[in-house]
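Chains, contacts and geometry: an overview
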Amino acid sequence: MSSANTTALSRHPSFLLVGIPGLEKEQFWIAFPFSMLYAFAVVGNVALLVFIKTVPSLHEPMYLFLAMLAFTDLVLSTSTLPKMLSIFWLGSRDISFLSCLLQLFFIHTFSSVESGVLMAMALDRYVAICYPLQHSSILSVPVVVTLGSLVLLRGVVLISPFCFLIHRLSFCQSNVISHAYCEHMALVKLACGDTRVNVIYGLFVAFIVVVFDVMLIFVSYTMILRAVLRLPSTDARLKAFRTCASHVCVMMALYIPSLFTFLTHRFGQSIPHHVHIVVAILYLLLPPFLNPIVYGVRTKQIRDRVVLLL
């Protein structure tokens with residue numbers, strides 16, 4: 001009976017989240033800027049959703065995609081920050097196996113969704129600039145909803161196997177996760193036994209999501225650049241460049257920390273662990289914080305609503 005209980009415990013233990021390894025004493029104060037970023041992200045993205053819903057002129061493909069992005073950002077940041085702040089401020093480090101699995105699922109699924117929505121927004125800009133007269137017919141509301149549904153379905157289908165692959169592992173060594181949240185590779189490193197399937201599938205998902213999305217985004221913006229350079233008006237070219245530049249900034253805020261985190265897990269043994277964890281936290285916080293600012297500043301109707309509220 002005792003042996004059976006030990007085996008069950010080793011397969012499905014409760015975990016302890018360290019927070020930021022090496023900065024356990026400082027993380028109480030580090031949590032304050034993180035909490036401010038989270039508060040701004042929640043307020044900004046909720047405001048975006050309300051404005052897009054209540055302003056009829058914003059019921060267009062670009063802003064419908066922006067509403068999807070705002071919802072995704074809310075789910076991503078809320079999946080991690082409340083628990084993270086409880087670790088930093090209250091020392092509440094324990095997390096059950098199922099809660100950890102659920103957090104892992106939401107983080108990876110909606111990271112994939114965020115990448116997919118950015119890809120769809122790049123496609124929208126390509127159609128709007130290269131085929132302006134056909135824009136409303138090519139990207140109608142049903143098409144936008146279908147694209148959003150496919151992006152969400154892709155995330156769920158690709159990430160669900162992570163949960164089953166983690167569930168089959170045994171954790172007979174340490175149950176201490178050297179991270180601020182439950183992440184696939186951080187859990188795999190705690191498992192005993194053969195984890196090659198987990199590692200290979202993780203690489204496969206990263207390739208499918210990031211490489212596919214980045215390639216389509218790159219092709220879209222290459223075509224946009226060619227079309228913009230042909231515009232006869234200098235003002236029109238500058239307006240198009242400014243619009244595209246804001247999109248590129250948002251994408252860099254997502255993909256650069258994501259790439260850094262991915263490579264550090266596998267090849268960055270010389271990088272201090274606390275640097276890796278801080279960048280991984282910013283990867284989930286910066287896009288939700290920046291998106292409402294970038295897109296809110298660039299949208300006159302949203303700016304006017306904010307001024308009216310203030």
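Residues numbered from 1 in each chain as written. Predicted model: local features only at pLDDT ≥ 70, side-chain atom pairs only at ≥ 80, totals over all residues. Heavy atoms only, no water.

**Re the nonpolar core**
Judged by nonpolar contacts, the single largest core of 87 residues is most densely connected at Phe-15, Phe-88, Met-121, Ile-177, Tyr-181 and Ile-281. It is helix α4 (residues 97-130) that provides the largest number of residues to this core, a total of 16 residues. (Core = buried A, V, L, I, M, F, W, Y, C linked by side-chain atoms within 4.5 Å. Buried < 20%, exposed > 50% of the residue type's maximum accessible area, 1.4 Å probe, protein only. Helix = DSSP H or I, 4+ residues; strand = E, 2+ residues; numbered from the N terminus.)

**Quick word on the state of the cysteines**
Two cysteines joined by a covalent bond between their sulfur atoms form a disulfide. In the structure shown here, the tally under the stated rule is 1 disulfide. The structure places no disulfide on Cys-163, whose sulfur is separated from the nearest cysteine sulfur, that of Cys-100, by 10 Å. (Disulfide = S-S within 2.5 Å.)

**Concerning the UniProt feature "transmembrane region" (unreviewed entry) in the protein chain**
Under the UniProt annotation, "transmembrane region" (unreviewed entry) lies at residues 28-51, 63-81, 101-123, 143-167, 199-224, 244-263 and 275-295. Across residues 28-51 one finds 100% helix and 0% strand; the C-alpha atoms that close the span lie 35 Å apart. (UniProt positions renumbered as here; feature names shortened; annotations may be inferred.)

**Remarks on the packing of helix α3 (residues 61-90) against helix α10 (residues 273-298)**
Axis separation between α3 and α10 bottoms out at 9 Å; the angle between their running directions is 140 degrees. One finds that α3 runs oblique with respect to α10. In this structure, the crossing between α3 and α10 has a hand that is left-handed. Only Ile-281, Leu-284, Leu-285, Pro-287, Pro-288, Asn-291 and Tyr-295 of α10 make contact with α3, whose side of the interface consists of Met-62, Leu-66, Leu-69, Asp-73, Leu-76, Ser-77, Thr-80, Leu-81, Met-84 and Phe-88. Of the residues in the contact of α3 with α10, the class split is 13 nonpolar, 3 polar and 1 charged. (Axes fitted to C-alpha atoms, helices over the stretch in contact; angles between N-to-C directions. Parallel < 35°, antiparallel > 145°, perpendicular 65-115°, else oblique. Left-handed = near helix turned anticlockwise from the far one by under 90°. Contact = heavy atoms within 4.5 Å. Nonpolar A, V, L, I, M, F, W, Y, C, P; charged D, E, K, R; others polar.)

**Side note on the packing of helix α6 (residues 141-167) against helix α8 (residues 196-229)**
One way to put it is that α6 packs onto α8 with a least axis distance of 10 Å and a crossing angle of 165 degrees. With respect to α8, the element α6 is oriented roughly antiparallel. Helix-helix and strand crossings are classified by hand; for α6 and α8 the assignment is left-handed. Two secondary-structure elements touch here, α6 through Arg-154, Val-157, Leu-158, Ile-159, Pro-161, Phe-162, Leu-165 and Ile-166 and α8 through Val-197, Asn-198, Tyr-201, Gly-202, Phe-204, Val-205, Ile-208, Val-209, Phe-212 and Asp-213. In the contact of α6 with α8, the residues fall into 14 nonpolar, 2 polar and 2 charged.

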